[in-house]
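# Descriptive analysis of the structure
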Amino acid sequence: MSSSIEALVNKEYAYGFVTDVESDTIPVGLTEDTVRLISAKKNEPQWLLDWRLKAFRRWQSMTEPHWSNVSYPPIDYQAQTYYSAPKSVKPLQSLADVDPELLKTYEKLGISLTEQKRLNGIAVDAIFDSVSVGTTMKTELEKVGVIFCSFGEAVQHHPELVQKYLGSVVPYSDNFFAALNSAVFSDGSFVYVPKGVKCPLELSTYFRINAANTGQFERTLIVADEGASVSYLEGCTAPKRDENQLHAAVVEIIALDRSSVKYSTVQNWYAGDKNGVGGIYNFVTKRGKAMTDAKISWTQVETGSAITWKYPSVILQGDNSVGEFYSVAVVNGMQQADTGTKMIHIGRNTKSTIISKGISAGKGQNSYRGQVKVLPKAEGARNYTQCDSMLIGNACGAHTFPYIEIANNTATLEHEASTSKIGEDQIFYCKARGLNAEHAISLIVAGFCKEVFKELPMEFALEAQQLLGISLEGSVG
Amino acid sequence: MTTPYTEQFEAFSANGGGEGPSWLPALRKKAFERFHALGFPTTRDEDWHFTSVTPIAEKTFKSLKPAATTLTLSDLEPHLVDAEWNRLVFVNGRLEPALSQYGSLPADVQLAPLSELLREEPAWVETHLGSLAGFDKAAFTAMNTAFMQDGVVLRVPTGEVVDVPIHILHVTDEKAQGGAIHPRLLIVAEALAQVMLVESFVGLDSASYLVNAVAEVVVGNGARVDHYKVQRESRDAYHVGTTQVVQGRDSIYHSFSYAAGGSLSRTNVYTKLAGTGGEARLNGLYVLDGAQHADHQTFVEHIAESCASRELYCGVLDGQSHGVFNGKVFVDPQAQKTDGKQTNKALLLSPQARVDTKPQLEIFADDVKCTHGATVGRIDEMALFYLKSRGIGAESARALLTYAFAAEALETIEIDALRLDLERQVFERFTHSQLV
Amino acid sequence: MLTITNLHASAGSKEILKGISLTVKAGEVHAIMGPNGSGKSTLAQVIAGHPGYDVTSGSIEYEGQDLLELDAEERAQQGVFLAFQYPVEIPGVTNAYFLRAAYNEIRKAHGEEEADPIEFLDIMEEKLKLVEMDASMMQRSVNAGFSGGEKKRNEILQMAVLAPKLAVLDETDSGLDIDALRIVAEGVNKLKRPTNATIVVTHYQRLLNYIIPDHVHVLAGGKIVKSGGKELAHELEAKGYDWLLEPAGV
């Protein structure tokens, strides 16, 4: 590995600062009382507490899954804190009241919550540790009937919607981490787009973990009613800390008939240092259900976290529904990622596309794990899968584990995978045209990821590309 | 359930199974204990995720008593491929010298029943037997090692080129009903040696039995082994076969697996490219109908630099049949300049047919070129239309296109007589007419 | 402009260039000819700074500086251009983006302002005509899926945009049909200035019918075995290389 590649891969994490705010943090440990305490703090109705408790009891009977291609020391679930909120955040206050310290935090992350500086055409919900600190552009959205607020607020103001859809795609019993989340989730975002409405703004949530020893368990629920459409983006950062922190989120998307939901993630949690100390364990369950003629599209750029375990999936329930998964996953240092998707074809003429680009550098281990399942009644189902891996250096690994299960003979499936390295000849060619090695590599990597970047909302494509440049910094030598 | 086999193993050990050099009963005992501890695999086992062996596990297959066969050469004629080839014929697991012929090999090439070599060169056998086919995690291999009856040893010395294929024909008839057969094969091709081998498993009657075969193949530096396997067991039979290969520098191992028989079959081909410049070509074709289930698993372990692997598996599935392909390519950090390519294609002819495929890559070296591709589909409507527009009836057009799909895999067979034989079989199966 | 003195270079343990000396002045066109394996392409690659070759002794002076001290990208920024024999494919990166990145790196190195995309489009439009390329080529990935002729034309397009002082064309004629050859050669001729120089590396005399060299050098066994004027190329065409190799002991 040339020294220039090496230098490129080892750049400092830019979001590793800690915000000094006074927090309301509950004691460590997890019992039924913890669940009751969280629910009480959020002033929840009885049905939601009951649901949390069912989830908690179920979780207690489950064991942590270990089939993924990652390894980490055992997690002590009793040594975590399950709720932490900045004291200054009182429920339902207006943005004008947000603690300036918190506003500064988001400014530092490049997200302005104040009205005059906010991003054009984008509404932002900012989640700090366990709670939402504010949502912008609410009035603009209310004009067209779009509900975009924190999950906690939705429980208070739209309980019927929450009760109808919560757990309808990811039941609390779905898996170990989903059960845990269902028991202790604190906040998250809620989106409802009414019938026939095309959401006029990009919706976005910025997640920030700040408190130490605190897990983040957010819950996002997006409902697109018939004929509606919405594009949603989440971004994630966390301070540099020596301990590993657990992030077990659940995202549910319900796309009713003829609706369309585009969900984009730029995940840049703290990845730990180059020796693998610290970093976020990102164990996330994301799933959408697409009804007749509906479309769900997942795009993810995963550059952070010590460990990533996530498989944004689509249940293609309705006829002619469409599922898409576009992913760039970068591992560097000691990072491990086991990520991919599940496309479950149930309806007729359902169509899915999977484009996955994995980049491994340093001592990183990157696994694509994907399932394409065509059930017997899914006449005319189609899938196209392409997963490409690129290795930078000789201490990393790239792995591909596709599971293709076809039970209908009218299905068409095509799967392609490749593994390659950045060619020395490519670097030399760029250098012979005047580009230095870093520039050459970021260019080649961006080209490798192009099919995914083009799926990101415009404003974020550039950001993602820059992020990628940063994550690979120092990986080339 | 492995418990019922305890008694069998004791009886077997007391009655002939305990014979041979002193290390052999010890090996069998260790293998049986392992088999007993492991039990039969379940679908919770990642390697058996899509294949349930419950039909095997819930039965107890008995050891077959030696019995004189009434089969004659003319009964075997359709399965000989070429009557001129050297061959060893096993009927219901027992060698039939009268049906075999293997005298015309070069003098220094050894082709002999395992029992014979165990008597004559026990030390040599000891160094190889069980050295590749580990049974620590493989219940069926453990079972074979515990119960293996007679097998075949083929040893080709340095530089020797055997230019006529060798045929090992395992046939079963109604006397195999309820029995278990554990054939064993050991091939050692020393440096620069070359040999072609065809293993056939043929069920002559509709008996239900278990064949659990294990083969170990050493391909020396610069050597080449072409290893063909034709599985046409009875439609009520169960077949599990594992081939474990190790390859030296600049060696070539070419394998082809054809699976058309059995009610449930599993074929494993595992090769380790341990010397630089080695090449592995693993190909196969499975044609299934009715309620047949066939599972193929390949594992190519790239340990050394500059090796190449090529895989092409095609499956044609009709009726309610279920095909599984599970292929893994592993590239060690040392195995720079690896060139790996794996292709898996399945053609589904009926609405109830199912296929599960899992082509995996595990790459730990950066300077490699590895790809895999998988396709599942039915007959191309455009191609069908094209043939019909040229006056070919729908039925024939479909049959022809199915045959054409299978032919891609068959074309990789380099022994003309075998390729023609399989082409004919496949063609007749799909077109119900003669191949001209 | 360029002075090569007793240059020795090897790839791994194999010595390929065994003492090359060559002087190229501004405004000149030099042709380097020779049989396969004579070291022609190695010489081109060494001038461009390919990391696969070690210069074991000798020197290359370019515009008063030690060229061997410079990294490949620095050489490019200083006006050295290699038209590759086998142009490399970079999937996903458009020709337009790639060329603009290169163009701006070179401008930056000279302390000039970078060109914005609109400005750059104007520059491109003119240069595309020179090599008779369609503007749609700019939106395709660098060399990916290009035909042999398209790749070579793309090299000349890059040369036109980057305006080097010293251009080295490595077997630019190989694999070209007669029309493509004409287009490439005309492109090179139109870019010729009294202030720049060109080294044409070729096996055949064919290209030299279009690009008239001032000097012709025959390379064999890692050495220049004969130098002369353009008439030497014709002589080689008629007599082949053998008559030169034996007396030279290769």
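So, how was this worked out
- Residues numbered from 1 in each chain as written.
- Chains lettered and ligands numbered in written order.
- Predicted model: local features only at pLDDT ≥ 70, side-chain atom pairs only at ≥ 80, totals over all residues.
- Helix = DSSP H or I, 4+ residues; strand = E, 2+ residues; numbered from the N terminus.
- Rg over C-alpha atoms; globule rule 2.2 N^0.38 Å.
- Buried ≥ 20, exposed ≤ 12 C-beta atoms within 10 Å, placed from the backbone.
- Contact = placed C-beta atoms within 7 Å.
- Axes fitted to C-alpha atoms, helices over the stretch in contact; angles between N-to-C directions.
- Left-handed = near helix turned anticlockwise from the far one by under 90°.
- Nonpolar A, V, L, I, M, F, W, Y, C, P; charged D, E, K, R; others polar.
- Core = buried A, V, L, I, M, F, W, Y, C linked by C-beta atoms within 7 Å.
- Domains from an automatic or database assignment.
- Pairing = 2+ DSSP bridges.
- Arc of directions from axis to C-beta.
- Expected span 1.5 Å × (residues − 1).

### Considering the overall build of chain B
The helix and strand tally for chain B stands at ten helices and 21 strands. Relative to the globule expectation of 22 Å for 436 residues, the C-alpha radius of gyration of chain B, 21 Å, shows essentially globular dimensions. Projecting the C-alpha coordinates of chain B onto the three principal axes gives extents of approximately 70 × 55 × 45 Å. Across the 436 residues that make up chain B, the buried fraction comes to 53%. Restricting the contact set of chain B to residue pairs at least 6 apart, pairs at least 24 apart contribute 82%.

### With respect to the overall build of chain A
When you go through chain A residue by residue, the secondary structure sums to eleven helices and 23 strands. The buried share of chain A, taken over its 477 residues, is 60%. Across chain A, every contact between residues at least 6 apart in sequence was considered, and the portion connecting residues at least 24 apart equals 83%.

### Some thoughts on the packing of helix H3 (residues 95–109) of chain C against helix H5 (residues 148–162) of chain C
Residue and element names in this part refer to chain C. Two numbers describe how H3 lies on H5: the axes approach to 10 Å, and their chain directions differ by 35 degrees. As H3 runs across H5, the sense of the crossing is right-handed. In this structure, H3 contributes Asn-95, Leu-99, Ala-102, Tyr-103 and Ile-106 to the contact, and H5 contributes Asn-154, Gln-158, Val-161 and Leu-162.

### Things to note about the interface of chain B and chain A
Each partner contributes to the interface: chain B provides 31 residues, whereas chain A provides 30 residues. Within the residue set of the side of chain B that touches chain A, elements represented by two or more residues are strand S20 (354–363) and strand S21 (369–377) of chain B. The leading source of residues in the side of chain B that touches chain A is S20 of chain B, at ten residues. When its residues are assigned to classes, the side of chain B that touches chain A shows 15 nonpolar, eight polar and eight charged.

### What to know about the interface of chain A and chain C
The accessible area lost on association of the parts is a frequent measure of interface size. Opposite the 18 residues of chain A that make contact, chain C presents 22 residues. Within the residue set of the side of chain A that touches chain C, elements represented by two or more residues are helix H9 (424–431) and helix H10 (437–453) of chain A. Among the elements that line the side of chain A that touches chain C, the one with the most residues is H10 of chain A, at seven residues. Across the side of chain A that touches chain C, the residue classes tally to eight nonpolar, six polar and four charged.

### Points about the nonpolar core
Across soluble globular proteins, you tend to see nonpolar side chains buried next to one another. With 339 residues, the main nonpolar core has Val-191 and Ala-255 of chain A, Ile-187 and Ala-189 of chain B together with Phe-81 and Val-168 of chain C as its most contacted residues. Take this core: its biggest share by element is ten residues, from H10 of chain A. The residue makeup of this core includes at least three contributed by each of domain 1 (4–275) and domain 2 (380–436) of chain B. In contact with Ala-189 of chain B, other than residues within four places in its own chain, are Val-156, Val-195, Val-218, Val-219, Gly-220, Ala-223 and Val-225 of chain B.

### Some thoughts on the sheet that holds strand S12 (residues 223–228) of chain C
Residue and element names in this part refer to chain C. Spatially, six strands are ordered S6-S9-S10-S3-S11-S12 in an open sheet, and the strand pairing comes out mixed. Since the sheet does not close on itself, it has two edges, and those belong to strand S6 (80–83) and S12, each with one partner. The mean angle between the axes of side-by-side strands here comes to 20 degrees, regardless of whether they run parallel or antiparallel. Examined bridge by bridge, strand S3 (residues 29–33) and strand S11 (residues 215–220) share four bridges and lie parallel to one another. Each bridged residue has a counterpart across the sheet, and for Ile-32 the counterpart in S11 is His-217. Sheet strands in contact with H5 are S6 and strand S9 (166–170), and its direction is about 165 degrees off that of S6.

### Here we look at the domain arrangement of chain B
All names here are of chain B. Domain annotation of chain B identifies domain 1 (4–275) and domain 2 (380–436). Spacing between the C-alpha centres of domain 1 and domain 2 amounts to 31 Å. At the interface, nine residues of domain 1 touch eight residues of domain 2. Tallied by class, the residues present in the side of domain 1 that touches domain 2 amount to seven nonpolar, no polar and two charged.

### Describing the packing of helix H2 (residues 23–38) of chain B against helix H7 (residues 139–147) of chain B
Residues and elements named next belong to chain B. Orientation of H2 relative to H7, taken along the N-to-C sense of each, is 145 degrees, at an axis distance of 7 Å. In this structure, the crossing between H2 and H7 has a hand that is left-handed. Contact with H2, carried on its side by Leu-27, Arg-28, Ala-31, Phe-32, Arg-34, Phe-35 and Leu-38, involves Ala-139, Ala-142, Met-143, Thr-145 and Ala-146 of H7 and no other residues of that element. Residues of the contact of H2 with H7, tallied by class, amount to nine nonpolar, one polar and two charged.

### Overview of the pairing of strand S1 (residues 2–11) of chain C
Residues and elements named next belong to chain C. Summarising the sheet, S1 and strand S2 (residues 14–24) pair through eight bridges and their orientation is antiparallel. Its bridge partner being in S2, Ala-9 is matched across the sheet by Leu-17. Between S1 and S2, which follow one another and run antiparallel, lie two residues, and Gly-12 among them has a positive phi close to 65 degrees. Here S1 pairs with strand S4 (residues 54–62) via seven bridges, running antiparallel. Residue Ser-10 lies in a different strand from S4, and its bridge partner there is Asp-54.

### Concerning unusual backbone geometry
In this model, Asn-320 of chain A sits at a positive phi of 60 degrees, which is unusual for a non-glycine residue. Note on placement: Asn-320 of chain A falls in the loop between strand S16 (313–316) and strand S17 (322–331). Positive phi outside glycine occurs at Lys-337 of chain B, with the angle close to 60 degrees. Along the chain, Lys-337 of chain B falls in the loop between strand S18 (322–331) and strand S19 (339–348).

### What about the environment of Glu-252 of chain A?
All names here are of chain A. With respect to the helices, strands and loops of the structure, Glu-252 is situated in strand S11 (residues 250–255). Judged by the 22 C-beta atoms lying within 10 Å of it, Glu-252 is buried. On a C-alpha basis, the gap between Glu-252 and Glu-302 in space is 19 Å, while along the polypeptide they are 50 residues apart. Apart from the residues within four sequence positions on either side, Glu-252 is in contact with Tyr-165, Val-169, Val-170, Leu-221 and Arg-287.

### Examining the arrangement of the chains
There are two pairs of chains in contact here, and the one with the most contacts is chains A and B. In this assembly chain B lies apart from chain C, the nearest approach of their C-alpha atoms being 16 Å.

### Remarks on the pairing of strand S12 (residues 260–267) of chain A
Residue and element names in this part refer to chain A. For S12, the tally of buried residues reaches eight of eight residues, placing the bulk of the element in the interior. Here S12 shows no split at all, with Ser-260, Lys-262, Ser-264 and Val-266 on one side and Val-261, Tyr-263, Thr-265 and Gln-267 on the other all buried. Relative to S12, strand S9 (residues 229–237) runs parallel, the two being bridged by eight bridges. Directly across from Gly-235, in S12, lies its bridge partner Val-266.

### Concerning helix H7 (residues 231–239) of chain C
All names here are of chain C. When H7 is considered as a whole, its buried residues turn out to be Leu-232, Ala-233 and Leu-236. Along the axis of H7, the buried positions cluster into a sector of 105 degrees, meaning they face one direction only. Opposite the buried face of H7, at more than 90 degrees from it, the exposed residues are Glu-231 and Ala-238. Of the surrounding secondary structure, the elements contacted by the buried residues of H7 are S3, S11 and S12. In the stretch just after H7, Gly-240 is the one whose phi turns positive, near 75 degrees.

### A closer look at the environment of Ser-104 of chain B
Within the fold, Ser-104 of chain B resides in the loop between strand S3 (94–95) and strand S4 (110–113). For the pair formed by Ser-104 of chain B and Ser-234 of chain B, sequence separation is 130 residues and the distance between their alpha carbons is 32 Å.

### So, helix H6 (residues 178–190) of chain C
With 13 residues, H6 of chain C extends 18 Å between its outermost C-alpha atoms, agreeing within 8% with the 18 Å of an ideal straight helix rising 1.5 Å per residue. If you follow the buried residues of H6 of chain C, they end up packed against helix H4 (117–130), H5, S9 and strand S10 (197–202) of chain C.

### Quick word on the sheet that holds S2 of chain C
All names here are of chain C. Taken together, four strands build an open sheet; the order of strands is S2-S1-S4-S5 and the sheet is antiparallel. One side of each edge strand has no neighbouring strand; the edge strands of this open sheet are S2 and strand S5 (65–66). Its contacts with the sheet put helix H1 (residues 40–48) on S1, S2 and S4, and the angle it makes with S2 is roughly 70 degrees.

### Brief notes about the environment of Thr-94 of chain C
Residue and element names in this part refer to chain C. Counting through the fold element by element, Thr-94 comes out in strand S7 (residues 90–94). Judged by C-beta crowding, with 18 C-beta atoms within 10 Å, Thr-94 ranks as partly exposed. Each C-alpha atom of the pair Thr-94 and Met-138 lies 6.5 Å from the other, and the pair is 44 residues apart in sequence.

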